[in-house]
Amino acid sequence: MYRNKLGKRCGRACALVAMAALLLAGLWVWAEGAVWPNASGKTTYKKSGAVVDASHAEDGYIMAKYKPSKKKLKARVAQGDTAYQYDQNGRGDYEVYSLQMGAGKYKLQLYEQVKGSRYAPKASVSFSVKEMREHAPFLCPNQYIWYTEDSQAVAKSLELCEGLAGDMDKVSAVYKFIAGNIRYHYVRAMTVEQGYLPDVDLLLSEGQGICFDIAALAAAMLRVQGIPTKLVIGYADRNYHAWNEVYVDGAFKRIDLTGAITGAKPETYTAERYY
């Protein structure tokens, strides 16, 4: 009996050690490709209630927050004449913004709603990014493509790509899954309101969404694999649309999963913004 108890204890201990090793190995594999935004406080800029954490700007993102406000807030991230506008939460929490324009001088401006569509400037913070890793802005989450370590989209990506070594194989696995399991939400497409943001886990749960949702899910699932992926907003022929550009074989290549789902085959794509 003593030996049996000891054997059981050893067996359980060995199993726990083995499980821990597998978990650590899995985390290490996905950590190689995934980037998880972090406001570490190493490099920060503060002005008029705004805080910009640029500690990881070389990884293609900043994190910004503004003092709590009951009014709506907007953030504008600009480099020269190119600018991207976002919603800033009023809770005083950090938001993640991409630095799509690459290294250089940036300005983040925060605006507070006055009335309706009128906003007043509240803070302006300038900062410089000396170096940036290649394609870094398209390897991490941001406000438009939001996911965390606990996201179902991440878990599904890891499941689909387990054992696959080549990027093209991973892209193919994600493409086939989305094209075969997600439907286009025609009603939402007709009723979507300004300021709408995708929820990749909700899309997985519901199984249907608009082009914006679908492109965001593809980007999340591929970025966590370390494959640079853009969410592109612009026009497909004359229709406002969202699709992806994926970096494989040394170049960005367009994939339009909404087109694969609906059967649409636009002839011309005109990109306006990249996220």
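Data block above holds the structure.
All values reported here derive from a predicted model rather than from experimental measurement.

## Some remarks on the overall build of the protein chain
- Each helix and strand in the protein chain was counted, giving seven helices and 14 strands.
- Restricting the contact set of the protein chain to residue pairs at least 6 apart, pairs at least 24 apart contribute 60%.
- Of the roughly 15300 Å² that the protein chain leaves accessible, carbon and sulfur atoms contribute 51%.

## Let's talk about the packing of aromatic side chains
- Enumeration over the complete set of coordinates arrives at 15 aromatic pairs.
- Both rings, one in tyrosine 106 and one in phenylalanine 127, keep their centres 5.6 Å apart while their planes meet at 5 degrees; by these two values the pair is stacked. With tyrosine 106 in strand E7 (residues 104–115) and phenylalanine 127 in strand E8 (residues 118–129), the pair connects residues that are 21 residues apart, well separated along the chain.
- Seen from their ring centres, tyrosine 184 and tyrosine 186 are 4.7 Å apart, and the 80 degrees between their planes marks the pair as edge-to-face.
- Clustering of aromatic rings is evident, with ring pairs tying together Tyr84, Tyr86, Tyr97, Tyr144, Tyr196, Phe212 and Tyr275.
- A cation over a ring is seen here: lysine 230 above tyrosine 274, with NZ or CZ 4.7 Å from the ring centre.

## Overview of the sheet that holds strand E13 (residues 251–255)
- In space, the four strands of this open sheet follow the order E13-E12-E11-E14, with antiparallel pairing throughout. Only two strands of the sheet have a single partner each, and these edge strands are E13 and strand E14 (269–274). Looking at each pair of strands side by side, their axes are set apart by 40 degrees on average, direction ignored.
- Pairing of strand E11 (residues 229–236) with E14, which is carried by five bridges, proceeds in the antiparallel orientation. Pairing of glycine 234 across the sheet is with alanine 271, part of E14.

## Section: the environment of leucine 204
- Considering the arrangement of structural elements, one finds leucine 204 in helix H5 (residues 200–206).
- Residue class for leucine 204 comes out partly exposed when judged on its relative accessible area of 21%.
- Distance from leucine 204 to asparagine 181, taken between C-alpha atoms, is 8.7 Å for residues 23 residues apart in sequence.
- Discounting chain neighbours no more than four positions away, the residues touching leucine 204 are Gln152, Ala153, Lys156, Phe177 and Leu217.

## Quick notes on helix H3 (residues 167–181)
- For H3, spanning 15 residues, the distance from its first C-alpha to its last is 21 Å, which sits close to the expected 21 Å at 1.5 Å a residue.
- Of all the positions in H3, only Lys170, Val171, Ala173, Val174, Phe177 and Ile178 are classed as buried. Here the buried residues of H3 occupy an arc of 160 degrees about the axis, which is enough to place them on one side. Exposed positions of H3 whose direction lies more than 90 degrees from the buried face are Lys176 and Gly180.
- In the core, the buried residues of H3 are packed alongside helix H2 (152–161), H5, helix H6 (211–223), strand E12 (239–248) and helix H7 (257–262).

## Quick look at the side chain of histidine 56
- Position of histidine 56 among the secondary structure elements: in the loop between strand E2 (50–53) and strand E3 (61–66).
- Side chain to side chain, histidine 56 and serine 40 meet in a polar contact 3.3 Å long.

Each value, and the rule that gives it
Residues numbered from 1 in each chain as written. Predicted model: local features only at pLDDT ≥ 70, side-chain atom pairs only at ≥ 80, totals over all residues. Heavy atoms only, no water. Helix = DSSP H or I, 4+ residues; strand = E, 2+ residues; numbered from the N terminus. Contact = heavy atoms within 4.5 Å. Areas by Shrake-Rupley, 256 points an atom, 1.4 Å probe, with all protein chains shown as cover. Phe/Tyr/Trp six-rings, centres within 6.5 Å; stacked < 30°, edge-to-face > 60°. Lys NZ or Arg CZ within 6 Å of the ring centre and 35° of its normal. Pairing = 2+ DSSP bridges. Axes fitted to C-alpha atoms, helices over the stretch in contact; angles between N-to-C directions. Buried < 20%, exposed > 50% of the residue type's maximum accessible area, 1.4 Å probe, protein only. Expected span 1.5 Å × (residues − 1). Arc of directions from axis to C-beta. Polar contact = N/O pair within 3.5 Å; in protein donor to acceptor, adjacent residues only side chain to side chain.

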